[in-house]
Amino acid sequence: MSDSLAGMPPVLHGSTPEPTTRPAPATRAQRLVRLRQGTLSRLADRLFRYAMLGCALSVAGVLGLIVYELVVNSRLSMHEFGWSFFTREVWDPVMGEFGALSFIYGTVVSSLLALALAVPVAVGVAVFVTEMCPRPLRGPLAFLSELLAAIPSVIYGLWGIFVLAPLLREHVQPWLAKYLGWTGLFEGPPYGIGMLAAVVILAIMIVPIVSSLTREVLATVPRAQREGVLALGATRWEMIRMGVLRNARAGIVGAIILGLGRALGETMAVTMVIGNRPEISKSLFAPGYTMASVLANEFTEATEDLYLSALIEIGLGLFVVTIIVNGLARLLVWSVTRGTPARSHA
Amino acid sequence: MLSATRTQTRPIGLGRRVRNLLATAAASASVVLVMVPLVAIFGYLVYRGIGAVDLAFFLETPKPVGETGGGMANAIVGSGIILGIASLIGVPLGIGAGIYLAEYGRGRFGDVIRFMADILNGVPSIVIGLVAYSLVVLRQKHFSALAGGVALGIMMIPTVTRATEEMLLMVPRTVREAALGLGVAQWRATLSVTLRTATSGVITGIMLAFARVAGETAPLLFTAFGNQFWNLNLDQPTAALPLQIFVYAISPYDDWHRKAWAGALVLIVIIVGSVAAVRWSTSRGVYRGAE
């Protein structure tokens, strides 16, 4: 800046430069800034920084608080039952006998089956939106799947009770019992309400989560990757399979695990359609129970300390599992999307 | 050499073409498959809900069992109160944490906080309800709007944090440098220049967080608890729209089922309306190009 103002051709400096004149304007500007800021202002800067740090620490604080409260309040039950709490099927509040196995079974089975239904569809949607669909359709499709994610779970539950369950009872379950009843998975009276309904509802709920994250991951695959595979003579599907999906594998797995995390913790919709009976049954027509729904149903009824403590221990178990699942998923997604700005919705 | 050229010019084989076609069909089919429940849910909401939404729904409290009529006015107001408390907790903390991550959180410490925010985002809402229960309800010895607000406020923090960070990072470096070059203190530059530039994006994030917790039911079951009557006292059990929908949905009464559908329609209009409005207003701004 000072060079152009001085208008002196640099050749003239030659071997005798003037070191004092060139840095001078910069120093003066810096001194001006420092003068105007003053000590008070620098103190304010520091205070501001600490305040923001405090806000950031509140995130860690809340997590710590969750762990602390759950552990402290479930001590009674931990003491009483030890590790066997997680392997016992009995749940008898009247006799003071508590075991979480049937809830764990319900949670794991409903989530895994929902994932099995949802993942192919979710990845299909993501592939269609990023690789196949005509440009003008992209925005609306992404928006619609976001709408699906914005529906509150209590509304999914309402729809599950009054629309999905009757549909399953009258049309789907008789058909399944007739043709697949021999597997033992589709036996017993078709109530509509039960494990199957929970699986279907959960699958509908996690499709948008998995597909939006998968879309994000697919978008990070470099263009050159696609062009390279196409240039070798691949069809579009081969390009997607070899050039895109293979490169995004880790991120897609992350998205799927994140969907699993959501399914494990989902409460309202499941509570409303799963039937809420603490039993382990092979048949998907039978009612079940999950860790989240037993909390939703029985927490306000728990009058005795041990009962309450047992419920909170179930909450602790659910928390630990979702923490592990989510942590794993985030690390996988991060390993792929690192470098591109993070998206907060999920 | 010659054979290589010949393979290149040979047309793509039938098997590969069929596989390509099948994959395209499968991907398109999955889109259709997703649209079915979407249309079905919205269709039923309107079909079952629209007849039950009347003026009384917005003006009256629930009638006792057996009497028809009445509305959910107390639940709508209760939801407003609880969401207000939640925003008071979640928005400032979330924005502050977002500012920290965007402006100072470069190193490992920032990564840890970022990771924790993502983890907190994935904690089941019912577990957060448990914590609000033991933090507020156990101490106060009764259910309250305050406890519900604490639960939802905690849920808002990570969403607002990540959205704020993302939006602040989109503000060009030069804007910060220009502000600092004018001799403004850094805190002023951050608040009135950087944050100001990112305002619309930050508001989007807040609205999305708001929409997400507005439909939450599970953590309210044992914090706000619900109430059949008017209550404006923050210290007392308070009705909320999603809670009321839940209670009415699992009840055996037809009139309550109608009310549940009406409540669901009102709730979805509020939520989807705010999400759509935000998407629409920002679709021509920051987001374009990014997607």
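Given the structure is predicted, the values throughout are model-derived calculations rather than measurements.

### Description of the interface of chain B and chain A
Tallying the contact residues gives 93 residues for chain B and 78 residues for chain A. Carbon and sulfur atoms supply 77% of the area buried between chain B and chain A, which totals about 7700 Å² over both sides. Counting the contacts that link chain B with chain A gives two salt bridges. Of the charged contacts in the structure, one is a salt bridge between arginine 330 of chain A and aspartate 118 of chain B, with a shortest N-O distance of 3.9 Å. On inspection of chain B and its partner chain A, the count reaches nine residue pairs in polar contact (both at pLDDT 80 or more). The set of elements that each furnish at least two residues to the side of chain B that touches chain A consists of helix H2 (14–49), helix H4 (73–104), helix H5 (108–122), helix H6 (125–140), helix H7 (145–170), helix H9 (186–197), helix H11 (241–249) and helix H12 (254–282) of chain B. Looking at the side of chain B that touches chain A, its residues break down into 64 nonpolar, 17 polar and 12 charged.

### Details of unusual backbone geometry
Positive phi values are uncommon outside glycine, yet asparagine 276 of chain A reaches one of about 55°. With respect to the helices, strands and loops of the structure, asparagine 276 of chain A is situated in the loop between helix H11 (268–273) and helix H12 (291–298). Positive phi, close to 75°, is recorded for phenylalanine 225 of chain B, a residue that is not glycine. Take phenylalanine 225 of chain B: it is sitting in the loop between helix H10 (199–214) and H11.

### Considering the environment of isoleucine 323 of chain A
Structurally, isoleucine 323 of chain A can be placed in helix H13 (residues 305–337). Spatially, the C-alpha atoms of isoleucine 323 of chain A and histidine 79 of chain A are 23 Å apart, while their sequence positions differ by 244 residues. Among residues more than four places away in sequence, those in contact with isoleucine 323 of chain A are Leu63 of chain A together with Ile119 of chain B.

### Remarks on the packing of aromatic side chains
All names here are of chain A. A complete count under the given rule lists 24 aromatic pairs over all chains for this structure. Considering the side-chain rings of tryptophan 91 and phenylalanine 98, the 4.9 Å spacing of their centres and the 70° angle between planes classify their relative orientation as edge-to-face. Side by side, tryptophan 91 and phenylalanine 98 carry an identical accessibility label, which is buried. Where tryptophan 91 meets tyrosine 307, the ring centres are 6.2 Å apart and the plane angle is 65°; that geometry is what we call edge-to-face. You can see tryptophan 91 sitting in strand S1 (residues 91–92) and its partner tyrosine 307 sitting in helix H13, a full 216 residues away along the chain.

### Points about the confidence of the model for chain A
Detailed reading of the predicted coordinates is not advisable wherever pLDDT is low. All names here are of chain A. The share of residues in chain A with pLDDT of 70 or more is 87%, and the mean pLDDT across the chain is 86. Ignoring residues within four places in sequence, the model shows residues 1–24, a span with pLDDT below 50, making seven contacts including any to other chains. Contacts for the low-pLDDT stretch residues 341–346, under 50 throughout, to residues beyond four places or in other chains number 17 contacts.

### Quick word on the confidence of the model for chain B
Residues and elements named next belong to chain B. Per-residue pLDDT for chain B has a mean of 89; in total, 93% of the residues score no lower than 70. Per-residue pLDDT stays below 50 along residues 1–6; that stretch engages in zero contacts with residues further than four places along the chain or on separate chains. Low pLDDT (under 50) marks residues 285–291, which in the prediction has nine contacts with non-local residues, meaning those over four places away or in another chain. Here the predicted complex scores 0.87 on pTM and 0.90 on ipTM.

### A look at the nonpolar core
Side chains of nonpolar character tend, in soluble globular proteins, to be buried together. Counting 195 residues, the largest nonpolar core has Ile66, Trp91, Tyr156 and Phe299 of chain A together with Ile126 of chain B as the members making the most contacts within it. Per-element accounting of this core gives the leading share, 17 residues, to helix H7 (residues 195–219) of chain A. What isoleucine 126 of chain B contacts, discounting residues up to four positions off in sequence, is Thr267, Ala292, Leu295, Ala296 and Leu318 of chain A together with Ala218 and Phe222 of chain B.

### Things to note about the pattern of salt bridges
Taken as a whole, this structure holds 16 salt bridges over all chains when the rule is applied. Put simply, glutamate 97 of chain A and arginine 88 of chain A hold a salt bridge, and the shortest N to O gap is 2.9 Å. A salt bridge links glutamate 170 of chain A to arginine 169 of chain A, with the shortest nitrogen-to-oxygen separation between them at 3.9 Å. Looking at glutamate 170 of chain A, the relative accessible area reads 52%, which means it is exposed. Taken together, the shared-partner salt bridges connect Arg330 of chain A together with Asp111, Arg114, Asp118, Arg162 and Glu165 of chain B into one network.

### Topic: the environment of threonine 204 of chain B
All names here are of chain B. With respect to the helices and strands, threonine 204 occurs in helix H10. Look at threonine 204 and you get buried, because its relative accessible area is 2%. Expressed as a C-alpha distance, the spacing of threonine 204 and glycine 98, which sit 106 residues apart in the sequence, is 14 Å.

### Focus: the side chain of threonine 238 of chain B
Residue and element names in this part refer to chain B. For threonine 238, the location among the structural elements is in the loop between H10 and H11. A relative accessible area of 1% means that threonine 238 is categorised as buried. When neighbours within four sequence positions are excluded, threonine 238 is seen to be in contact with Gly78, Ile82, Ala145, Ala224, Phe225, Gly226, Asn227, Asn231, Asn233 and Leu243.

### Focus on a nonpolar patch on the surface
Residue and element names in this part refer to chain A. Nonpolar side chains collect at one region of the surface, where Trp175, Tyr179, Leu180 and Trp182 lie side by side and expose about 520 Å² of accessible area between them. Note that tyrosine 179 resides in helix H6 (residues 153–180). Residue classification places tyrosine 179 among the partly exposed residues on the basis of a relative accessible area of 44%.

### Examining the packing of H13 of chain A against H6 of chain B
Relative orientation of the contacting elements H13 of chain A and H6 of chain B amounts to 135°, with a least axis distance of 9 Å. With respect to H6 of chain B, the axis of H13 of chain A lies oblique. In terms of crossing hand, the pair formed by H13 of chain A and H6 of chain B is left-handed. Here Leu308, Ile312, Gly315, Leu318 and Phe319 of chain A of H13 of chain A come into contact with H6 of chain B, specifically with Ile126, Val127, Leu130 and Tyr133 of chain B. Each residue belonging to the contact of H13 of chain A with H6 of chain B can be placed in one class, and the counts come to eight nonpolar, one polar and no charged.

The rules we used
- Residues numbered from 1 in each chain as written.
- Chains lettered and ligands numbered in written order.
- Predicted model: local features only at pLDDT ≥ 70, side-chain atom pairs only at ≥ 80, totals over all residues.
- Heavy atoms only, no water.
- Contact = heavy atoms within 4.5 Å.
- Buried area = accessible area lost by both parts, 1.4 Å probe.
- Salt bridge = Lys/Arg side-chain N within 4 Å of Asp/Glu carboxyl O.
- Polar contact = N/O pair within 3.5 Å; in protein donor to acceptor, adjacent residues only side chain to side chain.
- Helix = DSSP H or I, 4+ residues; strand = E, 2+ residues; numbered from the N terminus.
- Nonpolar A, V, L, I, M, F, W, Y, C, P; charged D, E, K, R; others polar.
- Phe/Tyr/Trp six-rings, centres within 6.5 Å; stacked < 30°, edge-to-face > 60°.
- Buried < 20%, exposed > 50% of the residue type's maximum accessible area, 1.4 Å probe, protein only.
- pLDDT = per-residue confidence, 0-100.
- Core = buried A, V, L, I, M, F, W, Y, C linked by side-chain atoms within 4.5 Å.
- Patch = residues over 30% accessible without salt bridge, like charges linked within 9 Å, V, L, I, M, F, W, Y side chains within 5 Å.
- Areas by Shrake-Rupley, 256 points an atom, 1.4 Å probe, with all protein chains shown as cover.
- Axes fitted to C-alpha atoms, helices over the stretch in contact; angles between N-to-C directions.
- Parallel < 35°, antiparallel > 145°, perpendicular 65-115°, else oblique.
- Left-handed = near helix turned anticlockwise from the far one by under 90°.

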